[in-house]
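Each chain, written out:
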Amino acid sequence: MIARSLLAALSVVALAWPASAEPTSPWARDGASALRLVDAGRGPAGERLAAVAITLDGGWKTYWRQPGDSGVPPRFDFSGSRNLASATVVFPVPERASDESGITNVYHNEVTLPVAVIPKDPAVPVELALVADYGVCDQVCVPVRSEVSLSLAADGGFPGPAAAAARRALAHAPKPKALGAPDGPLAIASIIREGNGFEVGVRAGAPGALLFAETGEGAFVPSPKALPSRADGVERFHVALPEGAPPSALRLTLSAGGEAIETLTPIDAVAAKP
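Parameters and conventions
Residues numbered from 1 in each chain as written. Predicted model: local features only at pLDDT ≥ 70, side-chain atom pairs only at ≥ 80, totals over all residues. Heavy atoms only, no water. Salt bridge = Lys/Arg side-chain N within 4 Å of Asp/Glu carboxyl O. Helix = DSSP H or I, 4+ residues; strand = E, 2+ residues; numbered from the N terminus. Buried < 20%, exposed > 50% of the residue type's maximum accessible area, 1.4 Å probe, protein only. Arc of directions from axis to C-beta. Contact = heavy atoms within 4.5 Å. Pairing = 2+ DSSP bridges. Disulfide = S-S within 2.5 Å.

1. Thoughts on the pattern of salt bridges
For step 1, the next point in the chain: For the coordinates displayed, the defined rule picks out ten salt bridges.
For step 2, the next point in the chain: When the shortest N-O distance is used, the salt bridge between E262 and R251 registers 3.4 Å. Here R251 lies in strand β18 (residues 249-256) and E262 lies in strand β19 (residues 259-266), a separation of eleven residues in the sequence.
For step 3, the next point in the chain: Salt bridges linked by common partners bring R65, E214, R251 and E262 together as one network.

2. Considerations on helix α2 (residues 161-171)
For step 1, the next point in the chain: For α2, the full list of buried residues reads A162, A163, A166 and A169. Axial view of α2: buried residues confined to an arc of 120°, hence all on one face. Residues of α2 that are exposed and point more than 90 degrees away from the buried face comprise P161 and R168.
For step 2, the next point in the chain: The inward-facing, buried residues of α2 contact β2 (33-42), β3 (48-56) and β9 (110-119).

3. Remarks on the sheet that holds strand β17 (residues 235-240)
For step 1, the next point in the chain: What the five strands build is an open sheet, ordered β16-β17-β14-β13-β20; its pairing is mixed. The sheet is open, and its two borders are formed by β16 (225-226) and β20 (271-272), each paired with just one other strand.
For step 2, the next point in the chain: Where strand β14 (residues 197-203) meets β17, six bridges bridge the pair, whose relative direction is antiparallel. Residue V200 lies in a different strand from β17, and its bridge partner there is F237.

4. A few points about the state of the cysteines
For step 1, the next point in the chain: A complete count under the given rule lists one disulfide for this structure.
For step 2, the next point in the chain: C137 shares a disulfide with C141; S-S distance 1.9 Å. Residues C137 and C141 share a disulfide whose torsion about the S-S bond is about 115°; that sign makes it right-handed.

5. A word on the pairing of strand β4 (residues 61-68)
For step 1, the next point in the chain: Among the eight residues of β4, eight are classified as buried, and the element is accordingly described as predominantly covered.
For step 2, the next point in the chain: Judged from the two bridges that link them, β4 and strand β10 (residues 126-137) form a sheet pairing that is antiparallel. Within β10, the residue paired with T62 across the bridge is V136.

Remember that the coordinates give geometry; whether it matters functionally is a separate question.
Next comes the structure, spelled out in structure tokens:
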């Protein structure tokens, strides 16, 4: 009887316990979107890994770090955190959308942004506090501010579904790759200064390559335009310079076949077209 009573009591406790106890902040909902923080354990280099997760109602979108012809770039402020040396947000490759406002770089439905977290003292938790400012759009665009916080465990976190989503996002995020590097299927093969812009040659290894351009300072750059193909296997794009002072660097993100790379090149190192 005692054993049966104990089993029944444990069953009640199990039913009452939440299905997922992994550490996340509560969702901060604002209109058509919601945002939360996730403790994703350890990253590939031993750093702590967190994530900013955003969900969107059907038809709504939010923006990549360089929105495109319209939209609002997201801003993530971790300055209110404790035991935090640095927090670096990693952006997965966005979708490219086109409408009456022009060409934009966006996310629909949901997006997980990994955050590489370096603590001041690795032996104690990081009290992560985030103020997030981002825009969401459907027929109208709405600015959103969300404030969330989460304690990141010093022992590596909890391997639940939200943490797994953060790890997948990190695994598929653009990898740094030097200009002209020969290894792998993706490469920025060449950058040539041409008038008020650049001709960028890429090796994609798969159809449907997408190229995104930014300045090193994060200023707006119009979406690259595909140029006529040649027989050398290199796809070429024209990248226009932003208005104003020339940038110090060009940041290029190339995506094809489920892989992505990122190349940062000083403008002074780019040769002019002969």
